[in-house]
Amino acid sequence: MSEAFFGAPTSARALLSLRTTTGALAVLGLLHAEAEWSPRLALYAVGREGAARWAPHGLWLLALLAAVGVTLGRAPRVAAGALCAGLAGLHALAPQVYHNNYYVLWLFVAITALEPTRARSPWDAEASASVTSLVPRLVQAQIGLIYLLSVAAKLAHPWWREGGAVVRWIVTERVPLSGVRGLVNPALAPMLSVPALAAAAQTAIVGVEALLPFMLFSSRWRRTAFVVGGCMHVLMQEWLFPQLFTFLMLLGYFAFAPVDDRAWTLRVDGAAHPWIGRWVQALDWRGRVRVESAPGARLGLIAPDGTVRAGISAGWWLAALTPASVVAYAALALVAPGVTSLGGVPRAMVENLVVMVVGGIGLIPGKGPSHHPPPGGAPGRETSHPGGLVTPR
């Protein structure tokens, strides 16, 4: 039992997709943190001269370069060790820059570096090799622990036990005083300033966090957990902008998803097949999609249950199948932190609008089921490939 659980059969692609995405998020997070930490490091530098003055900047640069190495798969264990050492050294030297987001990043980097593979990236030919690894299980356990510890911390805090106090403080004080001018808080504030509604929202937050770990580890409820948890993290990002934490949690959900099962079929016109196939291969970091050409066919994505999504909706679902979309979302939020407005519109509002439009595309209903579902595709399948991620039932 312990061997079957802790040493899960998977593929090199699963490990590489987690490691590559973690590295990319580390790069984006550290570039964003440099602007966030500047005032704190300026305070640290007061009264210090020479190397002592610039040591935190050197450790930040070490961590950034190491994060690039992790992303590119260049000596990944050495790069991961340097990244972890850089972050630990920076937080020890200048504790004022410490944040839980970077502790979670440190854990993800350490976990995903445990199992080296011969392939350097998820799209290498060797990425489909079957392996037995602790990494997916450890990422799953980390996600579950984060939720459970969050619930324990909330229940231990008197504000969370006073119905709605925290939520009312967020909408009336925290967000307005933060200077973030988004669309979500003005929409929620009138409702969540009402004590009864604030109490209900606060109870719902704790309840969802308490249920999500058990739902994620249940094959019956996992898909529901993906939807509920994903929506919760996106809402929190667009409301409170926790930034790096959001993207690490979304990445962690991919540790529960299948890999190398080719359960989804993208049907394209024969003339467009070569270049679309190359793009899908480059971005399908978990090997979920096979590309099928048919003369004159309209672009369509066939789900395992035979449902067909066409056009822009097909693109949305393709993005939902790969952690590359988490990197794209993180780039939207983290790149160029000094830019606070775009064309006179607050950046937070721009991000809110982009996320709303993209989320709306995902609500476009599919057609189907198709008369020609992909071979082996069936509702609720876990995996069809011996290298697929096997999750506990």
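For the structure itself, look to the data block above.
A. Molecular detail of the overall build of the protein chain. The number of helices and strands found in the protein chain is 16 helices and eight strands. Counting every position in the protein chain, which comprises 393 residues, the buried fraction comes to 47%. Within the structure as shown, the protein chain displays about 18,500 Å² of accessible surface, and the carbon and sulfur contribution to it stands at 69%.

B. The arrangement of the packing of helix 12 (residues 244-253) against helix 15 (residues 324-334) in detail. With their axes 10 Å apart at the nearest point, helix 12 and helix 15 run at an angle of 175° to one another. The orientation of helix 12 with respect to helix 15, classified from their angle, is roughly antiparallel. Residues Phe247, Leu250 and Leu251 of helix 12 form the contact with helix 15, whose own contacting residues are Val326, Tyr329, Ala330, Ala333 and Leu334. Broken down by class, the residue content of the contact of helix 12 with helix 15 amounts to eight nonpolar, no polar and no charged.

C. Summary view of the sheet that holds strand 3 (residues 264-268). An order of 4-3-5-6 is seen for the four strands of this open sheet, with the pairing classed as mixed. Of all the strands in the sheet, just strand 4 (289-293) and strand 6 (308-310) have a single pairing partner and so form its edges. Recorded for the sheet is a direction-independent mean angle of 25° between the axes of neighbouring strands. Note that strand 3 and strand 4 share five bridges and pair parallel. Within strand 4, the residue paired with Val268 across the bridge is Ser293. Of the strands in this sheet, strand 3 and strand 4 are in contact with helix 13 (residues 273-283), which crosses strand 4 at around 180°.

D. Local environment of unusual backbone geometry. In the Ramachandran plot, Gln243 falls in the positive-phi region, its phi being about 60° despite a non-glycine side chain. Among the structural elements, Gln243 can be located in the loop between helix 11 (222-240) and helix 12. Positive phi values are uncommon outside glycine, yet Ala336 reaches one of about 50°. Summarising the element assignment, Ala336 is placed in the loop between helix 15 and strand 7 (341-342). Residue Ala336 is classed as partly exposed on the basis of its relative accessible area of 38%.

E. Inspection of the packing of aromatic side chains at higher detail. Tallying each qualifying case throughout the model produces seven aromatic pairs. Where Trp316 meets Trp317, the ring centres are 5.1 Å apart and the plane angle is 70°; that geometry is what we call edge-to-face. Trp316 sits in the partly exposed class, given a relative accessible area of 27%. Of the aromatic side chains, those joined through ring pairs into one cluster are Trp264, Trp316 and Trp317. Seen from the ring of Tyr44, Arg48 lies directly overhead, with NZ or CZ sitting 3.9 Å from the centre. Over the ring of Trp317 we find Arg309, and its NZ or CZ is 4.2 Å from the ring centre.

F. Structural detail: a nonpolar patch on the surface. A cluster of nonpolar side chains, Tyr98, Tyr103 and Trp106, forms an exposed patch at the surface whose accessible area comes to about 300 Å². Along the chain, Tyr98 falls in the loop between helix 4 (76-93) and helix 5 (100-112). We classify Tyr98 as partly exposed; its relative accessible area is 38%.

What counts, and at which threshold
Residues numbered from 1 in each chain as written. Predicted model: local features only at pLDDT ≥ 70, side-chain atom pairs only at ≥ 80, totals over all residues. Heavy atoms only, no water. Helix = DSSP H or I, 4+ residues; strand = E, 2+ residues; numbered from the N terminus. Buried < 20%, exposed > 50% of the residue type's maximum accessible area, 1.4 Å probe, protein only. Areas by Shrake-Rupley, 256 points an atom, 1.4 Å probe, with all protein chains shown as cover. Axes fitted to C-alpha atoms, helices over the stretch in contact; angles between N-to-C directions. Parallel < 35°, antiparallel > 145°, perpendicular 65-115°, else oblique. Contact = heavy atoms within 4.5 Å. Nonpolar A, V, L, I, M, F, W, Y, C, P; charged D, E, K, R; others polar. Pairing = 2+ DSSP bridges. Phe/Tyr/Trp six-rings, centres within 6.5 Å; stacked < 30°, edge-to-face > 60°. Lys NZ or Arg CZ within 6 Å of the ring centre and 35° of its normal. Patch = residues over 30% accessible without salt bridge, like charges linked within 9 Å, V, L, I, M, F, W, Y side chains within 5 Å. Salt bridge = Lys/Arg side-chain N within 4 Å of Asp/Glu carboxyl O.

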